[in-house]
Amino acid sequence: MSHEKLAEFIRAAAEEFGIPGAAVGVWVGGEEIYACHGVTSIENPLAVDENTLFQLASITKTYTATALMRLVEAGKVELDAPVRRYVPEFPLDDEQVTVGRLLNHTAGLDWAVIVDTGEGDDALAAYVRKMGELIAPPGTRASYSQAGYNLVGRVIENVTGLPYEKAVAELVLGPAGLENSFFAAQDVITRRFAVGHNLGEDGTLSVARPWKGTRANNPGGGLVSSVADQLRWARYHLEGDATLRGMREPTVALRASSLGDAIGTAWFLRDVDGVRTVGHGGSANGMFGELLLVPERDFAVVVVSNAGPNGIPFDQAIVRWALEHYLGVIDRDPEPIPFDAARFEEIVGTYDIDAMTLTITADGQEPAIEVRIRPEIRAAADTELPQDHAPFPFGLLPGDTDEYVIIEGAFKGQRGFFTRDATGTITGVDLAGRLFNRT
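What comes next is a walk through the structure. Worth saying up front: this structure is predicted, and the values here are computed from it rather than measured. One numbering rule holds for all chains: residues counted from 1, following each sequence as written. In view of the model being predicted, local features appear only for residues whose pLDDT reaches at least 70, and side-chain atom pairs are presented and counted only at 80 or more, with totals across whole chains, interfaces and linings using the full set of residues. Excluded from the side-chain calculation are hydrogens and water; included are all heavy atoms of the structure.

Considering the environment of R343
Relative to the assigned elements, R343 resides in helix α12 (residues 341–344). Taking the C-alpha atoms as reference points, R343 and D400, 57 residues apart in sequence, are found 9.9 Å from one another. Contact definition: two residues touch when any of their heavy atoms are within 4.5 Å. The residues touching R343, leaving out its near neighbours within four places in the chain, are I337, L396, L397, G399, D400 and D402. Where helices and strands are cited, they refer to DSSP runs of H or I of at least four residues and of E of at least two residues respectively, numbered from the N terminus.

Quick notes on helix α5 (residues 146–160)
Helix length check: α5 (15 residues) gives 21 Å between terminal C-alpha atoms against 21 Å at 1.5 Å per residue, within 8%. For α5, the buried fraction is high: 12 of the 15 residues fall into the buried class. Only protein chains enter the calculation, and the probe is 1.4 Å; a residue is then buried if its accessible area is under 20% of its type maximum, exposed if over 50%, and partly exposed in between. Residues Q146, A147, G148, Y149, N150, L151, V152, G153, R154, V155, I156 and E157 constitute the buried set of α5. The secondary structure elements touched by the buried residues of α5 are α2 (60–73), α3 (99–103), α4 (123–129), α6 (164–173) and α8 (218–221). Distance and chemistry together define a polar contact, namely a pair of N or O atoms within 3.5 Å, with one atom able to donate a hydrogen and the other to accept it when in protein, and with adjacent residues in sequence counting only for side-chain atoms on both sides. Between a side-chain oxygen at the N-terminus of α5 and the backbone nitrogen of A147 the separation is 3.4 Å; the capping residue is S145. Within two residues after α5, G161 carries a phi angle of roughly 75°, on the positive side. Helix span, expected: 1.5 Å multiplied by one less than the number of residues in the helix.

Thoughts on the packing of aromatic side chains
When the centres of two rings from Phe, Tyr and Trp lie within 6.5 Å, Trp using its six-membered ring, the rings pair. Their planes under 30 degrees apart give stacked, over 60 give edge-to-face, and anything left gives tilted. All chains considered together, the criterion is met by 14 aromatic pairs. Aromatic side chains Y63 and W233 sit 3.9 Å apart centroid to centroid with 10° between the ring planes, which places their arrangement in the stacked category. Linking Y63 in helix α2 with W233 in helix α9 (residues 227–238), this pair joins segments that are 170 residues apart in sequence. Clustering of aromatic rings is evident, with ring pairs tying together F339, F344, F394, Y404 and F418. Over the face of the ring belonging to W27 we find R235, whose NZ or CZ atom lies 3.8 Å from the ring centre. When the NZ atom of lysine or the CZ atom of arginine is within 6 Å of a ring's centre and also within 35 degrees of its normal, the charge is said to sit over that ring.

Quick word on the packing of α5 against α6
Helices that pack against each other are described as a pair by the angle of their axes relative to one another and the distance between those axes. Relative orientation of the contacting elements α5 and α6 amounts to 80°, with a least axis distance of 9 Å. By the criterion of interaxial angle, the relationship of α5 to α6 is roughly perpendicular. Across from G153, I156, E157 and T160 in α5, the residues of α6 making contact are Y164, A167 and L171. Here the residues of the contact of α5 with α6 sort into 4 nonpolar, 2 polar and 1 charged. For every element, the axis is a line fit to its C-alpha atoms; helices are fit only across the contacting stretch, and the angle between N-to-C directions ranges from 0 to 180 degrees. Roughly parallel here means an angle under 35 degrees, roughly antiparallel means over 145, roughly perpendicular means 65 to 115, and every remaining angle is called oblique. Throughout this entry, Asp, Glu, Lys and Arg are counted as charged residues, while Ala, Val, Leu, Ile, Met, Phe, Trp, Tyr, Cys and Pro are counted as nonpolar. The remaining residues, Gly among them, count as polar.

Points about the sheet that holds strand β2 (residues 31–38)
One open sheet accounts for 8 strands, arranged β2-β1-β12-β11-β10-β9-β8-β7; its pairing is antiparallel. Two strands in the sheet have a free side with no partner beyond their single neighbour: β2 and β7 (252–253). Taken together, the 7 bridges between strand β11 (residues 287–294) and strand β12 (residues 299–305) define a ladder with antiparallel strand orientation. Within β12, the position partnered with L293 by the bridge is A300. Against the sheet, helix α1 (residues 3–17) engages β1 (21–28) and β2, with an angle of about 30° to β2. Strand pairing requires that DSSP identify at least two bridges connecting the strands.

Concerning the sheet that holds strand β19 (residues 426–431)
The antiparallel closed barrel is built from 8 strands, whose spatial order is β13-β14-β15-β16-β17-β18-β19-β20. Recorded for the sheet is a direction-independent mean angle of 30° between the axes of neighbouring strands. Relative to β19, strand β18 (residues 415–420) runs antiparallel, the two being bridged by 5 bridges. The residue bridging F418 from the neighbouring strand is V429, located in β19.

Here it is in structure tokens:
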């Protein structure tokens, strides 16, 4: 498969989805292949190449988990130990909130803590003290948690005695040979880097501000890197030792999730057309990324792009193209059943998490999911937050599974399910791996 065909597909997809700049790297047949498109910023345009820095957002979690596992390997951390053994300032005195459950999102923590604790070395410690109640009993289910991974970062700090960023550089970035990966803006601005963009209500793109999240969110999503470094990271894991291979073993099953069939240690595991894939995605303010490994084929693909809301479907289209054209692996979305008004009577309503509300409507024959940032969160924000998405049309999947798939919009192909209590009443809905409880 030629580099030209990959570049041609990226150009066409970028035009279709309105993406100013993107970079793609593929590891296949013992060779690194790169194809890049567009510019770093519509305000200050520079050409994107394989060394251009993009925010990785939640792909950072694979780095945080790897650093933690190196501490486990060294006998300095036990996965079954309560978090408070290593983080005594953690407010929840619950021995079931263990380090291992943070790594596979089963600790029962909410999605995030919306707070800015500054840019000092005490940012994570202050963030951890703000953490509140559980949304589910620990160990009972997976619910994706940014807060949980920021807490892992604090475990790393307390065990090593180093700021999170320096610890990860010593434990992970250096050993993996990554010389173009950074957390601090002062390290990024001396190099070529991309900025995010968001689509406004008038249909035009504008530069996303702020450029990067707070320091306390670094463990869950703060790394800035290039696709060239990301392929080195992929190869580090593909060629890795027993600790790294163990991170690809399933620890908890996922139900009706486009993220995967199971979670390993940070990695999402999914069987696609008969092969096991290992991956993680990321979403920042107007910037998106996907990293996918196929260990049995010694294959990896990484995509980064710089515009919302269509960065997610753009990245996923590139990943699917690469799987098909390099490996012959086809990834398809499931087909929903026709609209059934009776089934939607118990589904419509409002659900929420700490930062967002999710409303389900079913007017006529057009059921939709609308996710919005809470008004009080917007009102309290010191900086501009991303625009809310338009409602997503969705459909239920066959059988009495309470599972669904989004059929249009930026989240097209995302799967989820409704949860019920012992009486059979719907009490929550999962979207993108996060549990929204009914209000």
